[in-house]
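Structural overview
What follows is each chain in one-letter form.
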Amino acid sequence: MKLYCIFIACLALFALCSQAFEQSPQGPDKCCFSFYNLRIPVKQVVGYQTCDFKCQIKGIIFITESGNEICADPNERWVKRLKNLLDARTLKEMTEVSFGDST
């Protein structure tokens, strides 16, 4: 009878652990599996993020005004240029907010 109780307890413990493991996120949040090859106008892009370091393919995810996410190859010249333009725009906006009140 003791063996039966131990078996049931182990089975219940295993079920609880597997359910908790199933609910915890193990993979990366966002990855690119293919790249968009056409240039995206800077006016349409509001921001970008890099793919999670756990992703197999390194990529840049551009976020458009309409909320679409577009994957692009970070080694492409137009992607680097667009990232630089967005960084400059963000820096300018941050500077205007920081120093705009004091003038």
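The notes below deal with the structure included here. (Residues numbered from 1 in each chain as written. Predicted model: local features only at pLDDT ≥ 70, side-chain atom pairs only at ≥ 80, totals over all residues. Heavy atoms only, no water.)

The residue Thr64 is located in strand S2 (residues 60–64) in this model. For Thr64, the residues in contact, after removing those within four places along its chain, are Gln44, Val45, Val46 and Ile70. (Helix = DSSP H or I, 4+ residues; strand = E, 2+ residues; numbered from the N terminus. Contact = heavy atoms within 4.5 Å.)

Tallied over the full model, the rule gives two disulfides. Shown here is the disulfide that connects Cys31 with Cys55, its sulfur atoms set 2.0 Å apart. Taking the sign of the torsion about the S-S bond as the criterion, the disulfide between Cys31 and Cys55, at about -85 degrees, is left-handed. With Cys31 in the loop between helix H1 (2–23) and strand S1 (45–50) and Cys55 in the loop between S1 and S2, the pair connects residues that are 24 residues apart, well separated along the chain. For Cys31, a relative accessible area of 22% translates into the label partly exposed. The disulfide partner of Cys32 is Cys71, and the S-S distance across this bridge is 2.2 Å. Where Cys32 bonds to Cys71 through sulfur, the torsion about that S-S bond is close to -90 degrees, and the disulfide is left-handed. Linking Cys32 in the loop between H1 and S1 with Cys71 in strand S3 (residues 69–72), this pair joins segments that are 39 residues apart in sequence. Of note for the protein chain: the bonded cysteines, numbered N- to C-terminal, pair according to 1-3, 2-4. (Disulfide = S-S within 2.5 Å. Buried < 20%, exposed > 50% of the residue type's maximum accessible area, 1.4 Å probe, protein only.)

A word on the pairing of S3. Relative to S3, S2 is paired through four bridges, and the arrangement is antiparallel. Following the sheet pairing, Ile61 is matched in S3 by Cys71. Between S2 and S3, which pair antiparallel in sequence order, lie four residues; one of them, Gly67, sits at a positive phi of approximately 90 degrees. (Pairing = 2+ DSSP bridges.)

On to the packing of aromatic side chains. Inspection of every chain in the model, using the stated rule, returns two aromatic pairs. Through pairs of rings, three or more aromatic residues link up here, namely Tyr48, Phe62 and Trp78. (Phe/Tyr/Trp six-rings, centres within 6.5 Å; stacked < 30°, edge-to-face > 60°.)

Take the nonpolar core next. Note on soluble globular proteins: their nonpolar side chains tend to be buried together. Ile40, Val45, Ile60, Phe62, Ile70, Ala72, Trp78, Val79, Leu82 and Leu86 together form the largest nonpolar core, which totals 10 residues. Put simply, the parts of the chain that give this core at least two residues each are S2, S3 and helix H2 (77–100). The greatest single-element share of this core, amounting to four residues, is contributed by H2. Those residues in contact with Ile40, other than ones at most four positions away along the chain, are Val45, Phe62, Ile70, Trp78 and Leu82. In terms of nonpolar packing, the next biggest core, distinct from the first, is built from five residues, Cys32, Cys51, Cys55 and Cys71 among them. (Core = buried A, V, L, I, M, F, W, Y, C linked by side-chain atoms within 4.5 Å.)

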